[in-house]
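Residues per chain, in single letters:
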Amino acid sequence: MRTIIFFILVLFLSGCSIANNYDALDRKKYDDRTNDACFTVRNYGSDLKEHDYIYRKHPGKILALWQNSIETLIALGVEDKIIACGGLGNENYLKKEHRQAYQSIKVKSRQVFSQEQVLLMQPEFILGWFFDFSGKGRSIGTTDFWEKRGTNIYMNLMNGAEFKSVHTLDDEIKYIRDVGKIVAKEEKAQAIISSMERKINDTKAKLKNKKPLRVLIVSSFMKNISIYTPRTLPGNIVTMLGAETLGKEFERVGEDEFISYEEILMMNPDVIFFSSAPERDKLILQRLQNHPVMRKLRCVKNNNYYTIPFYTIRSPGVRVVDAVDIFADGISKAVKNYQ
């Protein structure tokens, strides 16, 4: 009996020693990284405070979570560095030119992986959303947890009201530029950004000296209707294109502004965009054409209404380029109709 107790005690003390040695090794690895860093990227920690992440090299083993992360990395040409990706519910939402690259990724999951699964992958870099690193719910661990293990993260904060009071195109441009820097594709990132900026400038030039069109962006078109306002990403894009985004200024990002159909009738917008998904587009447009109030609008009578994929305006990453194109083309067509 004494022998058994002694054996258990030895195992317990050995386990404590191993754990302590592991923590010390972890801390040394983290401290070493701060000594010979080659570059830093400013993002956020799990406490939502700004934090500088230190990179000794460009990551070769990347875990990508959610569509914006996956497509941004593919657009930058580093799909071969993605060891696994998760959170893409529908492959048809991918840009056509990105689908072959997506198929080349060896490990894919519709769900986000567990912390245990990610630990086994040993990624050098994780690209995801804030709640992936919140330490709550189905989080894969806090930023501190991963940084201590030599894994840097980059989180997109623009997927909820609690993060920032305004979401602008500059936020998405910073995202593309930062990810480009991390994966050593800065020139490619800048080319994507420059192309988008040219589209904006071209559209603004077309609208110069013309009365700004009044644009309504609908986020939900059900029994109740809610809209995106000037302080949201789609609202900011429309404003940058030289049009007027209808809606209040004081709501927080992520909070829909609910309005009545009577209010929309009084607004009588020049153009309407509906947040949608490809499989729902036809249904939404049929509802619009048959709705007793909406069909009275000038823009509906003049066919100045369009759908826009939700994944191009909600934490879109590189797909924000598509949002700029859709808004710009719809507004340009409306300008011709009202001349």
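See the structure printed just above.
Colleague: Can you help me understand helix H7 (residues 186–207) in this one?
Modeller: Three- or four-residue spacings in an α-helix give side chains the same orientation, since the helix completes a turn every 3.6 residues. With 22 residues, H7 extends 32 Å from end C-alpha to end C-alpha; this agrees with the ideal 32 Å at 1.5 Å per step. Within the span of H7, buried status applies to Ala189, Ile192, Ile193, Met196, Ile200, Thr203 and Leu207. Mapping the buried residues of H7 onto a view down its axis gives an arc of 90°, with all of them on the same face. Structural note: H7 exposes Glu187, Arg198, Ala205 and Lys206 on the side pointing more than 90 degrees away from its buried face. Considering only its buried residues, H7 is in contact with helix H2 (67–75), helix H6 (169–182), helix H8 (233–240) and helix H12 (320–337). Phi turns positive one or two residues past the end of H7, at asparagine 209, with a value near 65°.

Colleague: Mind showing me how you'd approach the environment of alanine 243 here?
Modeller: Here alanine 243 lies in the loop between H8 and strand S10 (244–245). Each C-alpha atom, one on alanine 243 and one on isoleucine 331, is 7.8 Å from the other, the two residues being 88 residues apart in sequence. With near-sequence residues (within four places) excluded, alanine 243 lies in contact with Leu207, Pro212, Leu213, Val215, Val238 and Ile331.

Colleague: Got a minute to help me understand the sheet that holds strand S4 (residues 82–86) in this structure?
Modeller: Pairing between sheet strands relies on hydrogen bonds along the backbone, with the strands arranged either parallel or antiparallel. Taken in spatial order, the five strands make up an open sheet running S5-S4-S3-S6-S7, and their pairing is parallel. Taken across any chain shown, the strands that pair with only one partner, and hence form the sheet edges, are strand S5 (108–109) and strand S7 (152–156). H2 contacts strand S3 (62–65), S4, strand S6 (125–129) and S7 of the sheet and is inclined by roughly 130° relative to S3. Contacts from H6 reach S6 and S7, with the element oriented near 165° to S7.

Colleague: Please explain the packing of H8 against H12 as it appears in this structure.
Modeller: Between two packed helices, what matters for the description is the angle formed by their axes and the separation of those axes. One can describe the packing of H8 onto H12 by two numbers: an axis separation of 10 Å at closest approach and a directional angle of 50°. Considered as vectors, H8 and H12 are oriented oblique to each other. Here the hand of the crossing between H8 and H12 comes out right-handed. For the pair H8 and H12, the contacting residues are Leu233, Pro234, Ile237 and Val238 in the first and Val320, Ala323, Val324, Phe327 and Ile331 in the second. Along the lines of polarity and charge, the residues of the contact of H8 with H12 split into nine nonpolar, no polar and no charged.

Colleague: Can you walk me through H8 in this structure?
Modeller: Counting buried residues along H8, six of its eight residues qualify, which places the element largely inside the surrounding structure. By the burial criterion, the buried members of H8 are Leu233, Pro234, Gly235, Asn236, Ile237 and Val238. Within two residues after H8, glycine 242 carries a phi angle of roughly 100°, on the positive side.

Here is what the cut-offs are and how they apply
- Residues numbered from 1 in each chain as written.
- Predicted model: local features only at pLDDT ≥ 70, side-chain atom pairs only at ≥ 80, totals over all residues.
- Heavy atoms only, no water.
- Helix = DSSP H or I, 4+ residues; strand = E, 2+ residues; numbered from the N terminus.
- Expected span 1.5 Å × (residues − 1).
- Buried < 20%, exposed > 50% of the residue type's maximum accessible area, 1.4 Å probe, protein only.
- Arc of directions from axis to C-beta.
- Contact = heavy atoms within 4.5 Å.
- Pairing = 2+ DSSP bridges.
- Axes fitted to C-alpha atoms, helices over the stretch in contact; angles between N-to-C directions.
- Parallel < 35°, antiparallel > 145°, perpendicular 65-115°, else oblique.
- Left-handed = near helix turned anticlockwise from the far one by under 90°.
- Nonpolar A, V, L, I, M, F, W, Y, C, P; charged D, E, K, R; others polar.

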